[in-house]
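The chain contents come next:
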Amino acid sequence: MKPTPIFCKTDYQLLRELILKSKNETNAKEVGQLSQELDRAIISKENTLDRSVIRIGSQVTIEDVKANKQMKIQIVLPSLSNVTEKKISILAPLSVAIIGFKENDQVDWELPAGIKTLKIIAVDNSTSDNS
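So, here's what we can say about the structure. Since the structure is predicted, the reported quantities are computational estimates derived from the model, not experimental observations.

1. Some thoughts on the overall build of the protein chain
Assigned secondary structure in the protein chain consists of three helices and seven strands. Secondary structure elements of the protein chain occur, N-terminal to C-terminal, as β-α-α-β-β-β-β-α-β-β. For the protein chain, whose C-alpha radius of gyration is 14 Å, the value lies close to the compact-globule estimate of 14 Å for 131 residues. With the C-alpha coordinates of the protein chain rotated into their principal frame, the extents come out at 35 × 35 × 35 Å. Residues counted as buried form 43% of the 131 residues belonging to the protein chain. Across the protein chain, every contact between residues at least 6 apart in sequence was considered, and the portion connecting residues at least 24 apart equals 57%. Of the roughly 7700 Å² of accessible surface on the protein chain, a fraction of 51% belongs to carbon and sulfur atoms. The distance from the centre of the 18 positive side-chain charges to the centre of the 17 negative ones in the protein chain is 1 Å.

2. Let's talk about helix α2 (residues 28–39)
Here α2 is twelve residues long and its end C-alpha atoms lie 16 Å apart, about the 16 Å a rise of 1.5 Å per residue gives. Buried residues of α2: E30, V31, L34, S35, E37 and L38, and no others. Across the axial projection of α2, the buried residues extend over an arc of 160 degrees, all falling on one side. The exposed set on the far side of α2, more than 90 degrees from its buried face, consists of Q36 and D39. Along its buried surface, α2 packs onto β1 (6–8), α1 (9–21) and α3 (93–98).

3. What to know about the pattern of salt bridges
Taken as a whole and judged by the stated rule, the model has six salt bridges. A salt bridge links D64 to K116, with the shortest nitrogen-to-oxygen separation between them at 2.8 Å. Of the two residues, D64 sits in strand β3 (residues 59–64) while K116 sits in strand β7 (residues 114–124), which places them 52 residues apart along the sequence. Note on K116: relative accessible area 30%, which makes it partly exposed. The shortest N-O distance in the salt bridge between E85 and K87 comes to 3.5 Å. Look at K87 and you get buried, because its relative accessible area is 10%. Counted as one network, the salt bridges with shared partners bring together D11, E46 and R55.

4. Some words on the sheet that holds strand β4 (residues 69–76)
The mixed open sheet is built from five strands, whose spatial order is β5-β4-β3-β7-β6. Bordering the open sheet on either side are β5 (87–89) and β6 (106–111), each of which pairs with just one other strand. Averaged over all pairs of adjacent strands, the angle between strand axes in this sheet comes to 45 degrees, irrespective of strand direction. The pairing of β4 with β5 spans three bridges and is classified as parallel. Considered in β5, the bridge of Q74 is made with K87.

What counts and what doesn't
- Starting from 1, residues in each chain are numbered consecutively following that chain's sequence as written.
- Local features in a predicted model are, by the rule used here, given only for residues with pLDDT of at least 70; side-chain atom pairs are given and counted only at 80 or more, and totals for whole chains, interfaces and linings are based on all residues.
- Side-chain calculation: all heavy atoms of the structure are included, whereas hydrogens and water are not.
- We count a stretch as a helix when DSSP gives it H or I for four or more residues in a row; a strand needs E for two or more, and each element gets its number in order from the N terminus.
- Values of the radius of gyration come from C-alpha atoms, whereas the globule rule sets the reference at 2.2 Å times the count of residues to the power 0.38.
- Working definition: with a 1.4 Å probe on protein chains only, accessible area under 20% of the residue-type maximum means buried, over 50% means exposed, and in between means partly exposed.
- Throughout, a residue-residue contact means that at least one pair of heavy atoms, one from each residue, lies within 4.5 Å.
- Note on areas: Shrake-Rupley with a 1.4 Å probe; residue coverage comes only from the protein chains shown.
- For this count, His and the chain ends are skipped, Lys and Arg are scored as positive, and Asp and Glu as negative.
- Lys charges are placed at NZ, Arg charges at CZ, Asp charges at CG and Glu charges at CD.
- The span expected for a helix works out to 1.5 Å for each residue beyond the first.
- This arc describes the spread of directions from the helix axis toward the C-beta atoms.
- Only one rule defines a salt bridge in this text: a Lys or Arg side-chain nitrogen within 4 Å of an Asp or Glu carboxyl oxygen.
- If DSSP finds at least two bridges between two strands, the strands pair.
- Helix axes are fitted only over the stretch in contact, all axes being lines through C-alpha atoms; the angle between N-to-C directions runs from 0 to 180 degrees.

By themselves, these observations are geometric and do not establish any function.
Structure representation (structure tokens):
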């Protein structure tokens, strides 16, 4: 069973606004999935949120369980996304799949070629965007 996502109030409200603004975009499927995740999420106060929970700005190391390959990404707002810097938009399918989950959680990521299982290896929330 999929773990329940956890969001701090600030991220939750920001994501809800983003969903409203993105209704007519090409990523309607991801926006819908993100909305569903928010609907079932636990909302936590900023200062009580577990440090290992993935949120906007988190640097995350994830592993493709079957391929045994790791990758490191940072989840950012769409305006800050930059694939060469491994900054992935919160509205990208990969970000939608892992946002709100924490270290050691396993989540399924739906791809056109099938479902991939991802394990969250590490989450770093100490970095600030210094661009």
